[in-house]
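# Tertiary structure, described
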Amino acid sequence: MFDAIYFLIASLLRKHGYLLQRLPQAQDFQEDIPFPEQYAGPEHFLRFYRPWLAPEFDRLLTPEITENTMLPKVKLYMLLSLLKQTRSVEGDILEAGVWKGGSSRLMVDYLNSVCSKKDAWLLDTFSGYDGISEDKDCHRARDGIMLGKSADEIREVFSNEQVRVHVVEGSIPQSLRDVSAKQIAFAHIDVNLYTPTFAVTQFCLERMPKGGIIVFDDYGWPATYGARVAIDEVCADFGHEVITVPETTQAFLIRL
Ligand SMILES: C[S@@+](CC[C@H](N)C(=O)[O-])C[C@H]1O[C@@H](n2cnc3c(N)ncnc32)[C@H](O)[C@@H]1O
């Protein structure tokens with residue numbers, strides 16, 4: 001009886017945009033744990049360790065990053081953590097989908113900080129979406145949306161780095177011919193659409209040595225389902241499976 005009433009009220013509320021949810025009755029939480037504020041959980045009031053809330057991580061997030069990226073802290077944290085894992089893997093790093101340069105800046109800052117010998121390849125149309133697939137991508141996708149900085153502005157931003165930064169302007173797949181990296185140790189793929197995601201994932205996997213990592217920003221977002229399809233198709237060809245990152249739209253793979 002109670003269950004029936006609960007479901008009735010819950011479905012009525014859901015129709016009006018509210019979520020009726022039973023709170024967990026108890027959660028073990030050590031009172032003397034250091035930095036308890038880093039064990040936050042707004043979604044369901046449970047507390048987990050969230051190192052992206054730590055001051056050490058905050059210090060890395062300069063305004064040049066936070067004001068020029070769509071990625072929230074948790075995604076930036078995953079991106080940086082996975083990039084660090086490839087420090088001793090042979091090859092360059094590549095980002096497809098630069099927009100205003102925020103996530104690129106995080107990666108280039110890291111390479112600079114460890115005096116890396118890797119080059120960074122930054123690819124974008126720098127004029128927004130291009131190459132929408134009518135049957136694969138979201139019906140709301142339009143050429144030219146998600147316009148960030150121009151290629152010249154991005155070149156200016158990355159003109160004074162310790163590592164070599166190549167800004168590659170043009171639509172993927174065509175622009176991939178301007179990427180002369182022999183090996184790619186790490187890639188961040190964030191172009192939202194089926195066709196460029198497919199092409200750049202294939203390009204990176206063909207050049208990625210064992211231990212290399214690709215982070216996909218758009219894997220779990222329903223609005224970019226086309227990108228997920230592309231990733232799954234290419235991964236199937238290479239005998240790979242991605243690992244989805246809980247509570248974000250990201251996924252990644254480690255080259256076998
Ligand atoms: C979500 S944004 C990237 C966000 C960025 N990584 C950040 O730090 O917030 C997606 C980018 O993909 C680019 N893009 C879309 N289609 C493309 C294509 N065919 N080739 C290259 N870039 C493309 C857009 O211009 C846009 O800058």
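Okay, so let's go over this structure. (Residues numbered from 1 in each chain as written. Predicted model: local features only at pLDDT ≥ 70, side-chain atom pairs only at ≥ 80, totals over all residues.)

## Some details on the sheet that holds strand E4 (residues 184–189)
If you trace the seven strands from one edge of the open sheet to the other, you get E3-E2-E1-E4-E5-E7-E6, paired in mixed fashion. With partners counted over all chains shown, the strands left at the sheet margins are strand E3 (165–169) and strand E6 (243–244), one partner each. With four bridges joining them, strand E1 (residues 92–96) and strand E2 (residues 120–124) adopt parallel strand pairing. The partner of Ile93 across the bridge, within E2, is Ala120. Sheet strands touched by helix H4 (residues 73–85): E4, strand E5 (213–216) and strand E7 (251–254). Its angle to E5, the strand with the most contacts, is close to 170°. (Pairing = 2+ DSSP bridges. Helix = DSSP H or I, 4+ residues; strand = E, 2+ residues; numbered from the N terminus. Contact = placed C-beta atoms within 7 Å. Axes fitted to C-alpha atoms, helices over the stretch in contact; angles between N-to-C directions.)

## Details of the site of the ligand
Close to the ligand lie 24 residues, the nearest being Thr69, Gly97, Trp99, Ser103 and Pro196. Put simply, the parts of the chain that give the shell around the ligand at least two residues each are helix H5 (102–113) and E2. A breakdown of the residues in the shell around the ligand according to their chemical character gives eleven nonpolar, ten polar and three charged. (Near = placed C-beta within 6 Å. Nonpolar A, V, L, I, M, F, W, Y, C, P; charged D, E, K, R; others polar.)

## Description of unusual backbone geometry
A cis amide bond links Ile172 with the next residue in sequence, Pro173, at an omega value of 15°. Structurally, Pro173 is set in the loop between E3 and E4. Its identity as a non-glycine residue notwithstanding, Met146 has a phi of 65°, on the positive side. At Glu247, a position not held by glycine, the phi torsion is positive, near 65°. The topology assignment puts Glu247 in the loop between E6 and E7. The exposure class assigned to Glu247 is exposed, which follows from the 12 C-beta atoms found within 10 Å. (Buried ≥ 20, exposed ≤ 12 C-beta atoms within 10 Å, placed from the backbone.)

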